[in-house]
Structures are given as structure tokens and as C-alpha cells.
Amino acid sequence: MRIAYDSIAELARLAASETMTIGQLVLEEQAEQLGRTKEQLLAVLDEDLTVMEQAARRGSRKDVHSHSGLTGGDGWRMSQYAQAGQTLSGPLAACAMAIAISVAEYNAAMGRIVASPTAGSCGILPGAVLVMMEQRGTSRQQACEALAAAGGIGLVLAQQASIAGAEGGCQAECGSAAAMAAAAL
């Protein structure tokens, strides 16, 4: 099966016709296209998930700051706020924000992140996926399939619009990442 990745509606229709999730569909198609097994692709996604977890954990430390000193500590502060439990947005959203900010700050401090789809929006997808693992018990397998779904949406966005900050500004980066995170969820 060859997917053109030119329409989200088409991805959803194909997944429904095959009685699988968009993530499962993308994994199957990409395995075929790349000449790899689904298990090999899931292993790569699992590595990406591990990098996201590490970036979130390391970025949430109080002492993480960019080399310029302009950013840092906000991931830690948001984590403290989320843990206090008195949030305006609720514990799930507060935790997701803490993860997203922590990953972004870790990126600013020259830490290793997964550009998803870009470095400028690197915290959004981990914020969504990791909070579901932590707060809702999503398994690693489900999280990896969710990352595949996000990747499929990213492929559509890259063909039909823009994911690049240089071309579409922060809205292109963060809007694309938000759409990918929504697909993952």
C-alpha cells in the first residue's frame, strides 16, 4: 500500500477501511516503503520516546538554563506548580505544560531532543504523549503508535502547508506540533 500523505481525511478513511488506527496504518505503510519491519520502526520510535522522556526529566531540573541565561528554571517552576495540585487548568493540562516547557528549555540548554516536527516546537508532542503515559497509563506500545500517527499527520502538513518556522513563523511550527499531538492523543 502506498499512501500519498496529501490529506488527513484520506489517512482517516484508509485507517477505517483497514480497521486500524492511523498510527498502525502509518507504521505498516512506512515499513513497506522503507523496506523495514514494523518492529524495527517501533524500535526507532521507542528510542525517540526515551529521548523525549530524558529531555522532560532533565529539563525539569531547577539548574537547567540556556547558555545565554535568558531561559531556564520555568520547567522546574511549572513542575512544582503542577505537583501542588491547585492549578487553574487541572492536573493533566498542568503536567503536559510542565513537560512541554521542560523539553523546550532543555533544548535551549543544548540538550538532546526530538524535533517534532521542529526544534522550536519540540516540547508539544512530548507534553501530550508523556502525560498520557504518566497520568492515564498509556503503554509504551500505544505511545509509539501514537508517535507514528503524529508522524503521518506531520507528513501531510509538510506537503500541504508548512512546518518550518523560517517559512511560516512560530505558528507553522507550533500549529503543526499541536495538530500532531492531537493526532497522537
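This text goes with the structure placed above it.
To keep things clear, this report deals only with the structure shown in the data block. Remember, it's a predicted structure, so these values are computed and weren't measured experimentally.

## So, the environment of Ala-55
- Considering the arrangement of structural elements, one finds Ala-55 in helix 3 (residues 38–59).
- Setting aside its immediate chain neighbours within four residues, Ala-55 contacts Ser-102, Val-103, Tyr-106, Arg-112 and Ile-113.

## Points about the environment of Glu-145
- Inspection of the secondary structure assignment puts Glu-145 in helix 7 (residues 140–160).
- Spatially, the C-alpha atom of Glu-145 lies 9.4 Å from that of Leu-25, the residues being 120 residues apart in sequence.
- If sequence neighbours within four positions are ignored, Glu-145 has contacts with Thr-21, Gly-23, Gln-24, Leu-27 and Leu-42.
- A polar contact is formed between the side chain of Glu-145 and the side chain of Gln-24, at a distance of 3.4 Å.

## Focus on unusual backbone geometry
- In this model, Ser-116 is joined to Pro-117 through a cis peptide bond whose omega is 5°.
- Here Pro-117 shows up in the loop between helix 5 (91–108) and helix 6 (124–136).
- The backbone of Tyr-5 sits at a positive phi, close to 55°, despite the residue not being glycine.
- With respect to the helices and strands, Tyr-5 occurs in the segment before helix 1 (8–17).
- Look at Tyr-5 and you get buried, because its relative accessible area is 5%.
- Here the phi dihedral of Thr-19 falls at roughly 50°; this positive angle occurs in a residue that is not glycine.
- With respect to the helices and strands, the residue Thr-19 is situated in the loop between helix 1 and helix 2 (22–34).

## Thoughts on the nonpolar core
- Leu-49 and Leu-125 are the most contacted members of the largest nonpolar core, which has 44 residues in total.
- Within the residue set of this core, elements represented by two or more residues are helix 1, helix 2, helix 3, helix 5, helix 6, helix 7 and helix 8 (165–184).
- Among the elements that take part in this core, helix 7 stands out by supplying 9 residues, more than any other.

## Here we look at the pattern of salt bridges
- Following the criterion strictly, the structure yields 5 salt bridges and no others.
- Residue Glu-10 is joined to Arg-13 by a salt bridge in which the shortest nitrogen-to-oxygen separation is 2.7 Å. Residue Glu-10 and its partner Arg-13 are both found in helix 1; the two are separated by 3 residues, about one turn of the helix.
- For Glu-10, a relative accessible area of 29% corresponds to the partly exposed category.
- By relative accessible area, which is 45% here, Arg-13 ends up partly exposed.
- Taken together, the shared-partner salt bridges in this structure form one network comprising Asp-46, Glu-53 and Arg-140.

## A short note on helix 1
- For helix 1, the full list of buried residues reads Leu-11, Leu-14 and Ala-15. All buried residues of helix 1 lie within an arc of 100° about the axis, which places them on one face of the element. More than 90 degrees from the buried face of helix 1, the exposed residues found are Ala-9 and Ala-16.
- Elements that come into contact with the buried residues of helix 1 comprise helix 2 and helix 7.
- Between the side-chain oxygen at the start of helix 1 and the backbone nitrogen of Ala-9 there is a gap of 3.2 Å, and the oxygen is on Ser-7.

About the cut-offs
Residues numbered from 1 in each chain as written. Predicted model: local features only at pLDDT ≥ 70, side-chain atom pairs only at ≥ 80, totals over all residues. Heavy atoms only, no water. Helix = DSSP H or I, 4+ residues; strand = E, 2+ residues; numbered from the N terminus. Contact = heavy atoms within 4.5 Å. Polar contact = N/O pair within 3.5 Å; in protein donor to acceptor, adjacent residues only side chain to side chain. Buried < 20%, exposed > 50% of the residue type's maximum accessible area, 1.4 Å probe, protein only. Core = buried A, V, L, I, M, F, W, Y, C linked by side-chain atoms within 4.5 Å. Salt bridge = Lys/Arg side-chain N within 4 Å of Asp/Glu carboxyl O. Arc of directions from axis to C-beta.

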